[in-house]
Amino acid sequence: MDAYSLAIILVVFASFFQGTFGLGMKYMAPLKWEAWWLIQAFVAMILIPLVWALIVIPDLFSVIASTDSSTFWTAALYGFLWGIGGILFGVSVEKTGISITYGIVMGLAASMGCIIPLFQMEGAFSQPSFPIILTGVLLLLIGVGITAIAGVKRDKLKNKNTDSNNKSIKIGVLIAVASGVLSAFLNVGFSNAAPVAKIAVDNYGTSAQNASLASWVVVLIGAFAMNGGYAIYRLAKNNTWSSFKVKNSKKAYLWAIATGVFWFAALGVYGQGAALMGDLGPVIGWPILLGLALIISNIWAYRAGEWKNAKGPFKILMGGLAVLITAICILGYANY
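The rules behind the values
Residues numbered from 1 in each chain as written. Predicted model: local features only at pLDDT ≥ 70, side-chain atom pairs only at ≥ 80, totals over all residues. Heavy atoms only, no water. Helix = DSSP H or I, 4+ residues; strand = E, 2+ residues; numbered from the N terminus. Buried < 20%, exposed > 50% of the residue type's maximum accessible area, 1.4 Å probe, protein only. Polar contact = N/O pair within 3.5 Å; in protein donor to acceptor, adjacent residues only side chain to side chain. Patch = residues over 30% accessible without salt bridge, like charges linked within 9 Å, V, L, I, M, F, W, Y side chains within 5 Å. Areas by Shrake-Rupley, 256 points an atom, 1.4 Å probe, with all protein chains shown as cover. Salt bridge = Lys/Arg side-chain N within 4 Å of Asp/Glu carboxyl O. Expected span 1.5 Å × (residues − 1). Bend = angle between axes of the 7 residues up to and from the residue. Contact = heavy atoms within 4.5 Å. Phe/Tyr/Trp six-rings, centres within 6.5 Å; stacked < 30°, edge-to-face > 60°.

A. Summary view of the side chain of Thr-240. Of note, Thr-240 is situated in the loop between helix 10 (208-238) and helix 11 (250-276). Overall, the relative accessible area of 10% leaves Thr-240 in the buried class. Among the polar contacts listed, one links the side chain of Thr-240 to the side chain of Glu-34, at a separation of 2.8 Å.

Here it is in structure tokens:
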């Protein structure tokens, strides 16, 4: 098997984790959100990345210590900004609903997370694959938009008697746009942390595939600073520290840990696939990851009965998924 075929397979596996980890969020009770989130964030952004990276890069801390400070802080800052996007996602859902928010955020995160690293590359416009990548990203946006419309129509069928506050929805859409742009910075941070992986390869003999984990460790320091910091702020503000001791919370703890493992499994495996794709890895791999994850999350939603009695919207969804698959094929071809 050639390296590029293996890279695509890894990204497909990563998309399964990315499209699945959110299932655990249905099982937060009886823990308070902030308690559950702190556990999940610590597992996802500190524990699993560090353990996995240390297994394959025993000199991990030496690699990080050898990294230029500007590279370190820039990558960590992008992780921190992504964390803000995650918090805004939750605010937007409260105002506009999951379908509109998810569509906007996924579309912007996939496209911006591809375009920004592409434009940061030297000679981006002279890349032979440049027009193919733009075509793939445009189709990806269209596909995400169609799936969002399907979700909105489905929700309207299920909530015929619910009055919407137009002002609240408009504010929610604006917040979702901000969330989508900031959510793209996770991949931008990974792309900008490439020098960390290079040090691991050049100075410590690590394979490019495994060296990608060093990049994630740096980016996720910033991500946890935001996510963990916000959860601790909520714990202090709401005085909900006792939530950690609530009875019958074993299941919620297990789901928080499992969610964290699946969340970083998506990034870790994606990073390995992107490394095998070469310089265009973060540009090509990221939109493929999120596009496939959107398809997988809708498969889970269908199995859970979320599209029951919504035949018309489901047909629209199928059209959107067909466009997404086409976009993913085009993006995969762009780096072949």
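B. Fine view of unusual backbone geometry. Cis peptide bonds are those with omega within 30 degrees of zero, and the linkage from Ala-29 to Pro-30 qualifies with 10°. Here Pro-30 lies in the loop between helix 1 (3-20) and helix 2 (33-56). For Asn-239, which is not a glycine, the phi torsion comes out positive at approximately 50°. With a relative accessible area of 60%, Asn-239 lands in the exposed category. The backbone of Asn-309 sits at a positive phi, close to 60°, despite the residue not being glycine. The topology assignment puts Asn-309 in the loop between helix 12 (281-303) and helix 13 (311-334).

C. The arrangement of a nonpolar patch on the surface in detail. There is a patch of nonpolar side chains on the surface, built from Phe-42, Leu-47, Val-51 and Ile-55 and spanning about 360 Å² of accessible area. Relative to the helices and strands, Ile-55 is located in helix 2.

D. Looking closely at helix 10. Helix length check: helix 10 (31 residues) gives 45 Å between terminal C-alpha atoms against 45 Å at 1.5 Å per residue, within 8%. Along its length, helix 10 shows its largest kink, about 30°, at Leu-220. Directly beyond the C-terminal end of helix 10, a positive phi value near 50° is found at Asn-239.

E. Highlighting the side chain of Ser-179. Along the chain, Ser-179 turns up in helix 7 (residues 166-183). Residue Ser-179 is classed as buried on the basis of its relative accessible area of 0%. Setting aside anything within four residues of it in sequence, one finds Ser-179 in contact with Gly-85, Leu-88, Phe-89 and Val-105.

F. The packing of aromatic side chains, seen in detail. Enumeration according to the criterion identifies 19 aromatic pairs in this entry. Measuring from centroid to centroid gives 6.2 Å for Phe-119 and Phe-130, while their planes differ by 25°, and the two rings are stacked. Of the two residues, Phe-119 sits in helix 5 (residues 98-120) while Phe-130 sits in helix 6 (residues 130-158), which places them 11 residues apart along the sequence. Residue Phe-119 is classed as partly exposed on the basis of its relative accessible area of 44%. Note on Phe-130: relative accessible area 11%, which makes it buried. Taken together, the aromatic side chains of Trp-33, Trp-36, Trp-37, Tyr-230 and Tyr-233 make up a single cluster linked through ring pairs.

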